[in-house]
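Results of the structural survey
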Amino acid sequence: MPWTKDKHAAQLYFEKEGKGIPLLFVHPPSMGHVTFRRQKQRLSKKFKVITMDLRGNGRSGMDGRPLSIPLLAEDVIRVMDAAKVKDAVICGYSNGGSIVQEIAIRYPERVRAIVLMGGFSEVTSFLLKNEFRLGILAAKAKQIGLIANVLTFAHERESRKKRDLSEYIQRTSPEILEQYYRVGINYSSTARLEKIYCPVLLLYGTRDEYVHQYRHAFQNRVSGPVETVFIGDVAHQLPTKKSSAVHQILTQFVYRYA
């Protein structure tokens, strides 16, 4: 299985499958590359699909540098280098979308387009802020099993997939997960969104009301074209619960812009 090989930097695990336009997927804290198993299976028939584990998650290691969104953005670029991918459509789910925004701002030459599933440019709404705060409290209390159960129940229906996701989430130490939640709640790209010149696709579930408001910042501030699509009968869990719709919309977007 592929790993990054940089000296003095965390080794990062990634998987690559298929040929064509590269699509790279970035997961939320602790959920790992298994979050996108459906995307890898389906979209790799048309595209080169890359999934990865962020540092300290799943099979990826850590180093001595303090966690930050810019560091995680740099990590994604290292994965692209190891996968021999010059540029890609980079897709982020939930807080993974914060990393994707940072990549588009800092490394525009490596980005063909970005896709944000349940994305937000900062954490300001009451419900979203409380979700992060609850995550911080649970991680600080070392309740990684509880966190795994909550995330697994929200995302998967099949017993095997639930078991796989739960086991993968619990590979992340509660100390590292707490750092991820703290970095996520304090991140903001809003004032820098005008530095995003590539095409942007925003995907939201119709029942995911507590992040709907963030679309306005992207629509009003991003310099490149922005498309917004609401997917029916789902809240936040687009990659797992509405994968067929995501695949269809994403495919059309990639062919149109990338």
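The present account deals with the structure reproduced in this document. (Residues numbered from 1 in each chain as written. Predicted model: local features only at pLDDT ≥ 70, side-chain atom pairs only at ≥ 80, totals over all residues. Heavy atoms only, no water.)

Before going further, it helps to spend a moment on the overall build of the protein chain. Each helix and strand counted, the protein chain has 11 helices and 7 strands in total. A globule of 258 residues ought to have a C-alpha radius of gyration of about 18 Å, and the protein chain, at 17 Å, matches this closely. The 258 residues of the protein chain split such that 59% are buried. Sequence separation of at least 24 residues holds for 76% of the intrachain contacts in the protein chain that already meet a minimum separation of 6. For the protein chain, the computed accessible surface area is about 11,100 Å², with 51% contributed by carbon and sulfur atoms. Between the averaged position of the 39 positive side-chain charges in the protein chain and that of its 24 negative side-chain charges there is a distance of 3 Å. (Helix = DSSP H or I, 4+ residues; strand = E, 2+ residues; numbered from the N terminus. Rg over C-alpha atoms; globule rule 2.2 N^0.38 Å. Buried < 20%, exposed > 50% of the residue type's maximum accessible area, 1.4 Å probe, protein only. Contact = heavy atoms within 4.5 Å. Areas by Shrake-Rupley, 256 points an atom, 1.4 Å probe, with all protein chains shown as cover. Lys, Arg positive; Asp, Glu negative; His and termini not counted. Charge placed at Lys NZ, Arg CZ, Asp CG, Glu CD.)

Turning next to the sheet that holds strand β4 (residues 88-93). Read from one edge of the open sheet, 7 strands run β1-β3-β2-β4-β5-β6-β7, paired in mixed fashion. Single-partner strands in this sheet number two, and they are β1 (14-17) and β7 (226-231). Across the sheet, the axes of successive neighbouring strands diverge by a mean angle of 15°, strand direction being ignored. Summarising the sheet, β4 and strand β5 (residues 111-117) pair through 6 bridges and their orientation is parallel. Considered in β5, the bridge of I90 is made with I114. Of the strands in this sheet, β1, β2 (22-26), β3 (48-52) and β4 are in contact with helix α2 (residues 69-82), which crosses β2 at around 145°. Its contacts with the sheet place helix α3 (residues 96-106) against β2, β4 and β5, and it is angled at close to 150° to β4. (Pairing = 2+ DSSP bridges. Axes fitted to C-alpha atoms, helices over the stretch in contact; angles between N-to-C directions.)

As a further point, take the nonpolar core. Ranked by size, the top nonpolar core spans 64 residues in total, and within it L24, I90, I114 and I196 carry the most contacts. Considering every element that reaches this core, the biggest residue donor is α2, with 7 residues. In this structure L24 touches I50, M52, V76, V79, M80, V89, I90 and C91, once residues within four positions along its chain are discounted. Of all hydrophobic cores here, the second largest spans 23 residues; its members include I21, A113, L238 and V254. (Core = buried A, V, L, I, M, F, W, Y, C linked by side-chain atoms within 4.5 Å.)

Let us now look at the pairing of strand β6 (residues 200-205). Within β6, 6 of the 6 residues are buried, which leaves the element mostly enclosed by the surrounding structure. Alternating positions in β6 separate into two faces, V200, L202 and Y204 on one and L201, L203 and G205 on the other, with burial throughout. Across 4 bridges, β5 lies against β6 in parallel orientation. Following the sheet pairing, L116 is matched in β6 by L202. Of the strand pairs in this sheet, β6 and β7 are connected by 6 bridges, and their pairing is parallel. Paired with Y204 across the strands is F230, a residue of β7.

The values reported here are purely geometric and, on their own, carry no functional implication.
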